[in-house]
Amino acid sequence: RKVSELARDADIVATADYTLLQDLLMPEHADWLVAFARNRIVIAYVEHSKHRTEINKDNWYEMLLRDDVAYGYADPDMAPVGYRTLLTWKLADLYYEDAKGDRDLFKELKAGCPQSSIRPHCNELIPLLQSLGLDYIFQYQSVALQHNLQFVQLPAEIDLSSEKHGDLYSKASVSISGKKRGETITKVGSPIVYGITIVRDAPNAVGAMEFMRVLLGEDGSRIMEENFQEPIAPALTPDANAVPQELSEFVQEAEL
């Protein structure tokens, strides 16, 4: 939106959700995209988080909804991890259907998290967790590992990590802010796939292309793996003909 709404100059736009490039930048500001990494949603915590020895992939919602527990997540209108958290909660209603009975976990979890525990960016939640302002935060696994946080790994059926469960994920959806104020976009559950593009009329198009060649090449994959980010190599694109020729050796056309 800094590019599409505020007209800020940028050479490259990368996002944790490749579909945002389609929704907010294409075709006005970009002609192509490539998908270059994957991730999953986890529940991160620290040594002093309440009930940390009890929480697991089967009872996490019970633990979070205890009166003495505080949890937070990123703003869904500002960060993909935010609306992906909400999608995870909606998928939990399906996955734990037998265990939860007639409870609405999505509504309970939304109601149990005050606005003061929601932050624009996922990294802004980490100081609250480390200072014990929060006991748990919903976070990307890569970020949890980068910050040496402990975490609960959720079932693949709800953590948005697996292409195998794409049809299941698509049963959940949430609305976020759209291209213009007052408009909304419906985000449907799908595997977490990061996207990147060079903006049309990039001020430093040459430097942007050099960066992309490093990112999508062997060095980029190695650096991302060292930082707990799962690379997609070769990178995937819905339209290989639209991708610049300089990047063709690093990409493969595929349905995303």
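Heads up: the structure comes first, above all this text.
Because the structure is predicted, anything quoted here is derived from the model rather than measured.

1. Some thoughts on the sheet that holds strand 11 (residues 230–237)
Ordered in space as 1-10-2-11-12, the five strands form an open sheet in which the pairing is mixed. Edge strands, defined here as strands with exactly one partner in the open sheet, are strand 1 (12–15) and strand 12 (251–253). In this sheet, neighbouring strand axes are inclined to one another by 30° on average, regardless of whether the strands run parallel or antiparallel. Bridge analysis of strand 2 (residues 34–38) against strand 10 (residues 193–198) gives four bridges, and the strand direction is antiparallel. Across the sheet, the residue bridging to alanine 35 is glycine 195, located in strand 10. Against the sheet, helix 1 (residues 18–25) makes contact with strand 1 and strand 10, and its axis sits at roughly 45° relative to strand 10, the strand it touches most. Packed on one face of the sheet, helix 10 (residues 218–226) meets strand 2 and strand 11 and runs near 140° to strand 11.

2. Overview of the pairing of strand 4 (residues 71–74)
Neither face of strand 4 is exposed, since Tyr71 and Tyr73 on one face and Gly72 and Ala74 on the opposite face are all buried. Where strand 4 and strand 6 (residues 136–140) come together, two bridges link them in parallel fashion. By the bridge assignment, tyrosine 71 is partnered in strand 6 with tyrosine 136. Relative to strand 5 (residues 118–119), strand 4 is paired through two bridges, and the arrangement is parallel. Directly across from alanine 74, in strand 5, lies its bridge partner arginine 119.

3. Details of helix 1
The buried count for helix 1 comes to six of eight residues, which makes it a mostly enclosed element. Within the sequence span of helix 1, burial applies to Tyr18, Thr19, Leu20, Leu21, Leu24 and Leu25. Packed against the buried residues of helix 1 are strand 1, helix 3 (80–95), strand 8 (173–177), strand 9 (184–188) and strand 10.

The rules behind these values
- Residues numbered from 1 in each chain as written.
- Predicted model: local features only at pLDDT ≥ 70, side-chain atom pairs only at ≥ 80, totals over all residues.
- Heavy atoms only, no water.
- Pairing = 2+ DSSP bridges.
- Helix = DSSP H or I, 4+ residues; strand = E, 2+ residues; numbered from the N terminus.
- Axes fitted to C-alpha atoms, helices over the stretch in contact; angles between N-to-C directions.
- Contact = heavy atoms within 4.5 Å.
- Buried < 20%, exposed > 50% of the residue type's maximum accessible area, 1.4 Å probe, protein only.

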